[in-house]
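# Close look at the chain arrangement
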Amino acid sequence: MAIEHADVLRAAHLARLGLDEGEAAHYLDDLGRILEMVDQLQALDTEGVAPMAHPLDATQRLRADEVTETDQRDDFQRCAPAVENGLYLVPRVVE
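What comes next concerns the included structure. (Residues numbered from 1 in each chain as written. Predicted model: local features only at pLDDT ≥ 70, side-chain atom pairs only at ≥ 80, totals over all residues. Heavy atoms only, no water.)

### Digging into unusual backbone geometry
- With a phi close to 60°, Arg 16 is a non-glycine residue in the positive phi region.
- For Arg 16, a relative accessible area of 66% corresponds to the exposed category.
- Although it is not a glycine, Asn 85 adopts a positive phi angle of roughly 55°.
- Relative to the helices and strands, Asn 85 resides in the loop between strand 1 (83–84) and strand 2 (87–88).
- Residue classification places Asn 85 among the exposed positions, given a relative accessible area of 73%. (Buried < 20%, exposed > 50% of the residue type's maximum accessible area, 1.4 Å probe, protein only. Helix = DSSP H or I, 4+ residues; strand = E, 2+ residues; numbered from the N terminus.)

### What about the side chain of Gln 77?
- Looking at the element boundaries, Gln 77 is found in helix 3 (residues 73–78).
- Taking relative accessible area as the criterion, Gln 77 reaches 14% and is therefore assigned buried.

Spelled out as C-alpha cells, the structure:
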C-alpha cells in the first residue's frame, strides 16, 4: 500500500498537527517503511498459529482479596452537604 504526500498532510490535519513540508516528507518516508513492514507481515502464513495476548506464559501475582479498611460511609455522609437514602446529592450539571 503506497502512501502519498497528500495523505500525510490530510492525516496531520485530522490529528490537528501542524506539519511543514519538510516534516511531511520525513513522515512520508517513515510511514512508507512501516506500511512495507506490514505488507511483509501480511504475506506470512499464519495458518495454525494460535493468537496470543502475550509472548510469555506469565501469570500476574495478585494480592489476597481482603478488607483492609473500616467502613467509614456514615462519617463521610455526615459531613456531605446533601444526602438522601444513603446517596450523595449533587447539583444537576446537564439538563
